[in-house]
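# Examining the three-dimensional arrangement
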Amino acid sequence: SGLMDDLNSRIQAQGDHIPCFVFVIGLQYARDLRAKESYGEPALTTPAGTLRFLLKEGPENGMHVLVWCDMLSNLARCGRSLLDEFGVCMAGKMEQSDSNSIFGSPVAARLHSENRAVMTDDTFPRVIRSFRPYIKPEFSFFETLSIEQ
């Protein structure tokens, strides 16, 4: 795919790169990204394998993946260990078991308002921050982020 080609060229070139952001809005609808029931990681030639490779190798090469998914169980359909590949996780109120899986704490289950969310960042292990999220931007906002090359 084009994303894999871009990432591979960035890996080969080494050095600083113009940041590239890949948005996956509504992961629960992307059936091609679901991992097939097998042992090990999906093949790089599959969309699921491409996503996993982008999550693993992309950030240090200037490619970042931002994913929105409605439930943890839908994220798990893309691979049981996929959550481990995210450096930053954010969530609103959720079930205690889901909160424990993501944050290692029931903190997201204890949120008292829909205008609150929590996040964790691998840079600061065990630090969970509470914040006020904003509404999802219109699609036109993402179009303005696009850069013609």
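Look up: the structure comes first, before these words.
If you're wondering where the values come from, they're calculated on a predicted model, not measured in any experiment. (Residues numbered from 1 in each chain as written. Predicted model: local features only at pLDDT ≥ 70, side-chain atom pairs only at ≥ 80, totals over all residues. Heavy atoms only, no water.)

## Side note on the side chain of Q28
Mapped onto the secondary structure, Q28 falls in the loop between strand 1 (20–25) and helix 2 (47–57). Exposure remark for Q28: the relative accessible area of 8% places this residue in the buried category. Beyond its immediate sequence surroundings of up to four residues, Q28 is in contact with R34, W68, C69, D70 and N74. (Helix = DSSP H or I, 4+ residues; strand = E, 2+ residues; numbered from the N terminus. Buried < 20%, exposed > 50% of the residue type's maximum accessible area, 1.4 Å probe, protein only. Contact = heavy atoms within 4.5 Å.)

## Topic: the state of the cysteines
Summed over the entire model, instances satisfying the criterion amount to zero disulfides. Of all cysteine sulfurs, the one in C78 lies closest to C69, which takes part in no disulfide; the gap is 6.7 Å. Free cysteine C89: the closest other cysteine sulfur is in C69, separated by 12 Å. Using a relative accessible area of 12% as the deciding quantity, one classes C89 as buried. (Disulfide = S-S within 2.5 Å.)

## What about helix 2?
With eight of 11 residues buried, helix 2 is to be regarded as a mostly interior element. If you check which residues of helix 2 are buried, you get A48, G49, T50, L51, R52, F53, L54 and L55. Residues of helix 2 that are buried make contact with helix 1 (2–13) and strand 2 (63–68).

## Side note on unusual backbone geometry
Most peptide bonds are trans, and most residues other than glycine sit at a negative phi. Of note, Q14 is a non-glycine position whose phi angle comes to about 50°, a positive value. Positive phi is not limited to glycine here, since R126 has a value of about 70°. By the secondary structure assignment, R126 is in the loop between strand 4 (117–121) and strand 5 (128–131). Judged by relative accessible area, which is 84%, R126 ranks as exposed.

## Re the side chain of N61
Counting through the fold element by element, N61 comes out in the loop between helix 2 and strand 2. Looking at N61, its side chain comes within polar contact range of the main-chain oxygen of E57, at 2.8 Å. (Polar contact = N/O pair within 3.5 Å; in protein donor to acceptor, adjacent residues only side chain to side chain.)

## Description of the environment of L83
By secondary structure assignment, the location of L83 is in the loop between helix 3 (72–76) and strand 3 (88–91). Under the relative-accessibility criterion, L83 is labelled buried at 18%. Considered as a pair, L83 and P106 are 23 residues apart in the sequence and their alpha carbons are 17 Å apart. If sequence neighbours within four positions are ignored, L83 has contacts with L72, L75, C89, S101 and I102.

## Quick look at the pairing of strand 1
The two faces of a sheet get side chains in turn, since along a regular strand they alternate between them. Here strand 1 shows a clear split, with C20, V22 and V24 buried on one side and none of F21, F23 and I25 buried on the other. Pairing between strand 1 and strand 2: six bridges, direction parallel. What sits directly across from I25, in strand 2, is W68. (Pairing = 2+ DSSP bridges.)

## A word on the packing of helix 1 against helix 2
Two elements in contact, helix 1 and helix 2, have axes separated by 10 Å at closest approach and are oriented at 30°. Compared by their axis directions, helix 1 and helix 2 come out roughly parallel. For helix 1 against helix 2, the interelement crossing comes out left-handed. For the pair formed by helix 1 and helix 2, the contact residues are L3, M4, L7, N8 and I11 on the first element and T50, F53, L54 and E57 on the second. (Axes fitted to C-alpha atoms, helices over the stretch in contact; angles between N-to-C directions. Parallel < 35°, antiparallel > 145°, perpendicular 65-115°, else oblique. Left-handed = near helix turned anticlockwise from the far one by under 90°.)

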